[in-house]
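# Inside the fold
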Amino acid sequence: MRAITHLRSLLSEALAGMGIPWPEKTTIEPPRDATFGDLATNVAMMAAKAAGKKPRDLAEALRQSIMAADPGLTAEVAGPGFLNVTFPPAFWQATIADVLEKDAGGGYGRSDLGGGKKIQVEYVSANPTGPLHIGHGRGAALGDTLARILRAAGYDVSTEYYINDAGRQMRLLGDSIWLRYRELHGRDVVWPEDWYKGEYIIDLARELSDLHGADLFSMPEEKATAICQTYGVDSIMAGIKKDLADFRVSHEVWFSEKTLVSGGRVETTLSDLKSRGLAYEKDGALWFASQNLGDDKDRVLRKSSGELTYFASDICYHADKFARGFEVVVDIWGADHHGYVPRMAAAVQALGKSPDSLRVILVQLVNLLRGGEQVAMSTRAGKFETLADVVAEVGADAARFMFLSRKSDSHLDFDLDLVKRQTMDNPVYYVQYAHARVKSLFAKATERGIAAGTPDAALLSRLVTPEDLGLLRQIEQFPDVVATAAATFSPHVISYYLRDLAGRLHSYYAAHQVLATGDEELTRARMHLLDAVARVVRAGLALLGVSAPEKMERSEP
RNA sequence: GGGCAGUUAGCUCAGUUGGAUAGAGCGUUGGCCUCCGGAGCCAAAGGCCACAGGUUCGAAUCCUGUACUGCCCA
């Protein structure tokens, strides 16, 4: 971050001196090949046209200009007009002080990219009709981590869970519990086609029975099923909250659909749409004119039976989000809901918001495997691996890291046996080990009475090997990586970065002695380097919601 | 029949939004300190970036078409 910021300001001053505006599409980034230098920029190629010069000629002019402005830099013109820039070792050594200072004051890696913009992330939002399964876990890990990353990048983030506690699915839940309750008490039961068959329904019925005995039979069936429904929703929501907490996933706001519907607010939204000509009555139903707004066809808001659709409350819900002042609203959905995106986008437009104020992130399905064999999942049939079971089996750290190691829009094979394995198939341990290794080294240093002391510039000037500078460059990039992850809504770039950093640390460890250098100054300098690396590893893992242990416990020999 | 997503090494996947010789891990093969934790390190082999066109100084990346795979909708 420091390097790119510094170079950008030098270049833009140089360009301004020539009367050329800064080209929007300029990139400044580490080149693929390290022999090209620390940073490479295509600015001369981008600005060549405006400057009326050949790219290489402009690059040469810029080269001289920035080297005059900062004599520590070296720069070369390469290829079609790249400018390759190399910073002096002292610049990279100063990264350590930067890490220490920021780590103490709120966290290294933070930036103000978001500029305090209010953004909301809504995730999981599973219907309270059963426990969370592994697929919800992926959305949960993604949403929770994305929120952490956006906060680190300077956004004002609020997290939310939308509880679908109104409508048909809820009645179905109440009825299912009621039928199980009847069954428990030996009453005759006619099983309908559509009901929740999971074991947990029987548990709920049994709990109700313990609570009320046979009292439910003494009241009208309507009231009894209502009691069943309320009890079921409350109990299932409590379970969901616990499962999420165990997975280190939090939500600041739990928003109930029922409060929208029963408060009449959905009707208010609908009449508003109607008055603006965006909704109309036809065949006894109320329709949303979404086709004019990019959807395939118009959608029903209120059926001829008078029942409101989920879509109607979803529009109202999003109107509420925007009314609360969020500039951007992020919805994380399972990929099987992708057909829902165009109508929601149409709704956002109907609410008078720009299309980019809604960002829908689709999370592809999770293929749950055990030893390469597929594990079947179906909520209705009651056969599935719950998130709680998976977390209990493999641990939150390993599960989160696995979910966050893939782009959200690609399918994920989640093999329980593999996620438990403590090898490189499963890099969470590799990254955690890098942190533990440094900590363990420091414990050893304390034992031997070695203290790192103050990391002043003179001491750090001893860090000059390619491995020293490689590590320094990499930790210097961490704030850029966080910014990229935030800008592209891609938590997985953090986990890839951490794997690289851990790899470099392990290589360093094998290549260089730290405590036994026979040179006290060098030892202390290297301790500061590794301390900074460990802080960055910990900061990165914290963004992923993964712990950074002081020592690794081997669970199997 | 429409729509969305995907296709990169034997396998699982990255690829910084169009840059220089396409990268990791696993697996395979061969090495490593009586040493700060070997859960580690070093190296080799392995590629028509699904296929065919197009856009430009430059394409795995953007556009069009085709073929498979998964999902959604009629």
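Only a predicted model underlies this, so the values are computations on that prediction, with no experimental measurement involved.

Calculation notes
- Residues numbered from 1 in each chain as written.
- Chains lettered and ligands numbered in written order.
- Predicted model: local features only at pLDDT ≥ 70, side-chain atom pairs only at ≥ 80, totals over all residues.
- Heavy atoms only, no water.
- Helix = DSSP H or I, 4+ residues; strand = E, 2+ residues; numbered from the N terminus.
- Buried < 20%, exposed > 50% of the residue type's maximum accessible area, 1.4 Å probe, protein only.
- Contact = heavy atoms within 4.5 Å.
- Areas by Shrake-Rupley, 256 points an atom, 1.4 Å probe, with all protein chains shown as cover.
- Lys, Arg positive; Asp, Glu negative; His and termini not counted.
- Charge placed at Lys NZ, Arg CZ, Asp CG, Glu CD.
- Salt bridge = Lys/Arg side-chain N within 4 Å of Asp/Glu carboxyl O.
- Pairing = 2+ DSSP bridges.
- Polar contact = N/O pair within 3.5 Å; in protein donor to acceptor, adjacent residues only side chain to side chain.
- pLDDT = per-residue confidence, 0-100.
- Axes fitted to C-alpha atoms, helices over the stretch in contact; angles between N-to-C directions.
- Parallel < 35°, antiparallel > 145°, perpendicular 65-115°, else oblique.
- Left-handed = near helix turned anticlockwise from the far one by under 90°.
- Nonpolar A, V, L, I, M, F, W, Y, C, P; charged D, E, K, R; others polar.
- Phe/Tyr/Trp six-rings, centres within 6.5 Å; stacked < 30°, edge-to-face > 60°.
- Lys NZ or Arg CZ within 6 Å of the ring centre and 35° of its normal.

So, on to the overall build of chain A. Counting its secondary structure elements, chain A contains 21 helices and 15 strands. In terms of overall dimensions, chain A has C-alpha extents of about 90 × 65 × 40 Å along its principal axes. Every one of the 557 residues in chain A was classed for burial, and the buried ones make up 50%. Within chain A, contacts between residues separated by at least 24 positions form 72% of all contacts whose residues are at least 6 apart in sequence. When the accessible surface of chain A is summed, it comes to about 25,200 Å², and 51% of that surface belongs to carbon and sulfur atoms. Separation between the mean location of the 63 positive side-chain charges and that of the 73 negative ones in chain A comes to 2 Å.

One pass over the structure, following the stated rule, counts 31 salt bridges. With its nearest N and O atoms 3.7 Å apart, the salt bridge here joins Lys-303 to Glu-307. A relative accessible area of 38% places Lys-303 in the partly exposed class. Overall, the relative accessible area of 24% leaves Glu-307 in the partly exposed class. A salt bridge links Asp-331 to Lys-321, with the shortest nitrogen-to-oxygen separation between them at 3.0 Å. Of this pair, Asp-331 sits in strand E11 (residues 328-334) while Lys-321 sits in helix H12 (residues 310-323), placing them 10 residues apart in sequence. For the pair shown, Asp-331 and Lys-321 are each scored as buried.

Along a regular strand, successive side chains alternate from one face of the sheet to the other. As judged from the four bridges shared by strand E8 (residues 279-282) and strand E9 (residues 285-288), these two strands associate in the antiparallel manner. Across the sheet, Ala-279 pairs through a bridge with Phe-288, a residue of E9. Following E8, the chain reverses through two residues before pairing antiparallel with E9; Asp-283 in that reversal takes a positive phi of roughly 50 degrees.

Bringing the side chain of Ser-158 into the picture now. With respect to the helices and strands, Ser-158 occurs in strand E6 (residues 156-163). A polar atom in the side chain of Ser-158 sits 3.5 Å from the side chain of Glu-252. Once you skip the residues sitting within four places of it in the chain, Ser-158 turns out to touch Ile-119, Gln-120, Val-121, Glu-252, Val-253 and Phe-326.

It is worth spelling out the confidence of the model for chain A at this point. For residues with low pLDDT, the predicted coordinates do not support detailed interpretation. Looking at chain A, pLDDT values average 90 and 97% of them are 70 or higher. Below pLDDT 50 for its whole length, residues 379-383 participates in 15 contacts with residues either more than four positions away or in separate chains. Scored as a complex, the prediction yields pTM 0.94 and ipTM 0.93.

Structurally, Ala-502 is set in helix H20 (residues 492-511). Using a relative accessible area of 0% as the deciding quantity, one classes Ala-502 as buried. Distance in space between the C-alpha atoms of Ala-502 and Gln-432 is 8.3 Å, their sequence separation being 70 residues. Apart from the residues lying within four places of it in its own chain, the contact partners of Ala-502 are Tyr-430, Val-431 and Ala-434.

All right, on to the packing of helix H5 (residues 95-104) against helix H21 (residues 520-544) then. Relative to each other, H5 and H21 sit at 45 degrees, their axes nearing to 10 Å. Relative to H21, H5 is oriented oblique. With respect to the hand of their crossing, H5 and H21 are arranged in left-handed fashion. Across the interface between the two elements, Ile-96, Val-99, Leu-100 and Asp-103 of H5 pack against His-528, Leu-529, Asp-531, Ala-532, Arg-535, Val-536 and Arg-538 of H21. Residue composition of the contact of H5 with H21, by class: six nonpolar, one polar and four charged.

With that settled, the discussion passes to the sheet that holds strand E13 (residues 366-370). If you trace the three strands from one edge of the open sheet to the other, you get E14-E13-E15, paired in mixed fashion. Of all the strands in the sheet, the pair left with one neighbour each is strand E14 (373-374) and strand E15 (412-415). Pairing of E13 with E15 involves four bridges; the strand directions are parallel. Bridge pairing in E15 links Asn-367 to Asp-413.

Attention now moves to the pairing of E13. Pairing analysis gives two bridges linking E13 to E14, with the strands arranged antiparallel. When the sheet's bridge partners are listed, Leu-369 is paired in E14 with Gln-374. What sits between the antiparallel neighbours E13 and E14 is a turn of two residues, in which Gly-371 has the positive phi angle 60 degrees.

Further remarks concern the packing of aromatic side chains. One pass over the full model with this rule turns up 18 aromatic pairs. Measuring from ring centre to ring centre gives 5.6 Å for Trp-178 and Phe-217, while their planes differ by 50 degrees; the resulting arrangement is tilted. Taken together, the positions of Trp-178 in helix H7 (residues 168-184) and Phe-217 in the loop between helix H8 (199-212) and helix H9 (221-246) put the pair 39 residues apart, joining distant regions of the chain. Its relative accessible area of 18% is what places Phe-217 among the buried residues. Centre to centre, the rings of Phe-255 and Tyr-317 are 4.9 Å apart; their planes meet at 45 degrees, and the pair counts as tilted. Pair noted here: Phe-255 is in strand E7 (residues 253-256) and Tyr-317 is in helix H12, with a separation of 62 residues, a long-range link. As far as the burial class goes, Phe-255 and Tyr-317 line up, both buried. An aromatic cluster of three or more residues is present, and its members are Phe-288, Phe-311, Trp-333 and Tyr-340. The cationic tip of Arg-187 hangs over the ring face of Phe-217; the distance from NZ or CZ to the ring centre is 3.8 Å.

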